[in-house]
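The chain contents come next:
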Amino acid sequence: MTDSPARAVPRPALVGIFGGLFAGYLGLTAVIPVLPAFLRDRHAAGDLVVGLVVTVTAGTALLVRPVAGALADRYGHRTVMLTGALVAALGGLLYFLPLAVPALVAVRLLLGAGEAALFTAGAVWTVALAPHHRRGQLIGLYGVSMWGGISAGTFLGATLQQVSFTAVWALAAAAPLLAAALIALVPVPHREPGTAAPREPGTTTQREPGTAAQRKSGGGGGLLLRPALLPGTALALGAAGYAGLAAFVVLHLDARGIGSGVLVLSCFSAVYAGTRLVIGHLPDKLGPRRVAAWSAAGEAVGLTIVALAPNLPVAVAGGVVTGVGFSLLHPSLALMVMNRAEPTRQGAAIGAYTSFWDLGLAVWGPVTGLVAARLDYPAVFGVGAVCAVAAAAMAAWIGRPAGGPGGTGMPGSERTEARAA
């Protein structure tokens, strides 16, 4: 019998990290469905301004994630995650001020930095606390907490908009404060005077940046950290299918006279979360490279089905297959990153890796729009499928590490793959 995730990590840590992430994203995303109407009503803003204000957070998130990860390595995961939650709460409070559009853009940039610190520090903290044979599963459940917060936040924001914009701003400030309280409940070892920054339970001994071991395994900086480069590129390729599905499946099915594209998206989201809950242990059990390759291949198959669907049941089946494949792609690739990074650089590595998600969406958003305008909607899903095949090939190609983190031997999940090969 295997341990459940709840038993694998101390309960206060599980509640604090996962609950803090959920509450933080609830506050961050509550304003998303509200901002367009607010900008039009209060500032007479056009579509370009609305798009800028809503999406500008991705810019700072892309830049801050690697920095936040490195800071978490140096000063402690709880410190950086707590800072991210407090920055998000501050951003929520700033919505109450009568700000002009440039000031709102600045607030959104600040919130992007807070989101990057909250997510990145929590992600590497989760891995640091998890038993080695549960790391991939916990990464997946961490993602479920994030998507749960996003879903709840957008729903509550749209609901509270019927009351007032002020009610939405209150939620945007209060939820991250709740996140900060939950994160602060997670205990860390006592720090004696003159000692290094405290480490969360289960983390390895920290060394100062710039050591020979870090230079050997880290390589580069920002997005170019060597352990994150190839898995991150595979993640960015996999993001093409998600960008196309989210933006164009409704229009695609309407153009075919099928309709109900929202149902396909709903099924995709439900299966995405359910897959991680039911079979989220597979990257640990079968090895992250094998699961990443098969997951990306499954995403490609699902997108092809959606592109060719002659009716709603087939389109829903395509959304389901896409959701199953895409669900395990991220945790599998993230586990590959962690297996290849020095313990003292894992925060920077996971921060760089997750930045490729922001980069992928930033690239594929306009690219899929151009493809739809020039070639029609089925081509959007065809491009996503081709990119998913490329991600599968890249995941399968990434070589096995010579040793696990710290050079102490091949990680358990990698050994599983080596025995099966």
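Residues numbered from 1 in each chain as written. Predicted model: local features only at pLDDT ≥ 70, side-chain atom pairs only at ≥ 80, totals over all residues. Heavy atoms only, no water.

> Mind showing me how you'd approach the overall build of the protein chain here?
Scanning the protein chain for helices and strands turns up 18 helices and 0 strands. When burial is assessed residue by residue, the protein chain has 52% of its 421 residues classed as buried. Carbon and sulfur atoms provide 69% of the accessible area of the protein chain, an area that totals close to 17,100 Å². (Helix = DSSP H or I, 4+ residues; strand = E, 2+ residues; numbered from the N terminus. Buried < 20%, exposed > 50% of the residue type's maximum accessible area, 1.4 Å probe, protein only. Areas by Shrake-Rupley, 256 points an atom, 1.4 Å probe, with all protein chains shown as cover.)

> Explain the packing of aromatic side chains to me, please; I cannot follow it from the model alone.
Each pair of aromatic rings is reported with the distance of its centres and the angle of its planes. Under the criterion given, the structure shown has 16 aromatic pairs. Ring geometry for Trp147 and Tyr242: centres 6.1 Å apart, planes at 65°, overall edge-to-face. Taken together, the residues Trp147 in helix H8 (residues 135-160) and Tyr242 in helix H11 (residues 226-255) connect sequence positions 95 residues apart. With relative accessibility at 21%, the residue Tyr242 sits in the partly exposed group. Between Tyr242 and Phe326, the ring centres sit 5.8 Å apart and the planes meet at 5°, which makes this aromatic pair stacked. Residue Tyr242 is located in helix H11, and its partner Phe326 is located in helix H15 (residues 312-340); the two are separated by 84 residues in the primary sequence. (Phe/Tyr/Trp six-rings, centres within 6.5 Å; stacked < 30°, edge-to-face > 60°.)

> Please explain the environment of Ser332 as it appears in this structure.
Locating Ser332 in the fold gives a position in helix H15. Along the chain, Ser332 and Gln137 lie 195 residues apart, while their C-alpha atoms are 9.1 Å from each other. If we ignore the near neighbours within four places in the chain, the residues touching Ser332 are Pro283, Pro288, Val291 and Ala292. (Contact = heavy atoms within 4.5 Å.)

> Looking at this model, I keep getting lost on the packing of helix H5 (residues 57-75) against helix H7 (residues 101-129). Mind explaining?
Helix-helix packing is described using two parameters, namely the angle between the two axes and the distance between the axes. Orientation of H5 relative to H7, taken along the N-to-C sense of each, is 40°, at an axis distance of 7 Å. The pairing of H5 with H7 is recorded here as oblique in orientation. Two packed elements cross with a definite hand, and for H5 against H7 that hand is right-handed. Contacts between H5 and H7 involve Thr57, Thr60, Ala61, Val64, Arg65, Ala68, Gly69 and Ala72 from the first element and Arg108, Leu109, Leu111, Gly112, Ala113, Glu115, Ala116, Ala117, Phe119, Thr120, Ala121 and Val124 from the second. Split into classes, the residues belonging to the contact of H5 with H7 amount to 12 nonpolar, 5 polar and 3 charged. (Axes fitted to C-alpha atoms, helices over the stretch in contact; angles between N-to-C directions. Parallel < 35°, antiparallel > 145°, perpendicular 65-115°, else oblique. Left-handed = near helix turned anticlockwise from the far one by under 90°. Nonpolar A, V, L, I, M, F, W, Y, C, P; charged D, E, K, R; others polar.)

> Hey, could you run me through the side chain of Thr29 in this one?
By the element assignment, Thr29 lies in helix H2 (residues 11-29). Only 2.7 Å separates the side chain of Thr29 from the backbone oxygen of Tyr25, close enough to count as a polar contact. Excluding its chain neighbours within four sequence positions, the residues that come into contact with Thr29 are Gly149, Ile150, Gly153 and Thr154. (Polar contact = N/O pair within 3.5 Å; in protein donor to acceptor, adjacent residues only side chain to side chain.)

> I'm lost on the environment of Ala247 in this one. Help?
Inspection of the secondary structure assignment puts Ala247 in helix H11. Its relative accessible area of 44% is what places Ala247 among the partly exposed residues. Between the C-alpha atom of Ala247 and that of Gly369, which follows or precedes it by 122 residues, the distance is 8.4 Å.

> Sorry, what's going on with the side chain of Thr368 here?
Within the secondary structure, Thr368 sits in helix H16 (residues 346-375). The class of Thr368 is buried, set by a relative accessible area of 3%. Looking at Thr368, its side chain comes within polar contact range of the main-chain oxygen of Trp364, at 2.7 Å.

> Help me understand the packing of H5 against helix H6 (residues 77-94), please; the structure alone is not making it clear to me.
Viewed as axis vectors pointing N to C, H5 and H6 meet at an angle of 135°, and their least axial separation amounts to 6 Å. When the axis of H5 is compared with that of H6, the two are oblique. On H6, the residues touching Ala68, Leu71, Ala72, Asp73 and Tyr75 of H5 are His77, Thr79 and Val80. Grouping the constituent residues of the contact of H5 with H6 by class yields 5 nonpolar, 2 polar and 1 charged.

> Please clarify how unusual backbone geometry should be interpreted in this entry.
For residues besides glycine, phi is generally negative; the peptide bonds are generally trans as well. Here Ala44, not a glycine, exhibits a phi torsion of approximately 50°, which is positive. Along the chain, Ala44 falls in the loop between helix H3 (35-43) and helix H4 (47-55). Backbone geometry places Ser260, a non-glycine residue, at a positive phi of 60°. Assignment of secondary structure puts Ser260 in the loop between H11 and helix H12 (261-279). With relative accessibility at 42%, the residue Ser260 sits in the partly exposed group.

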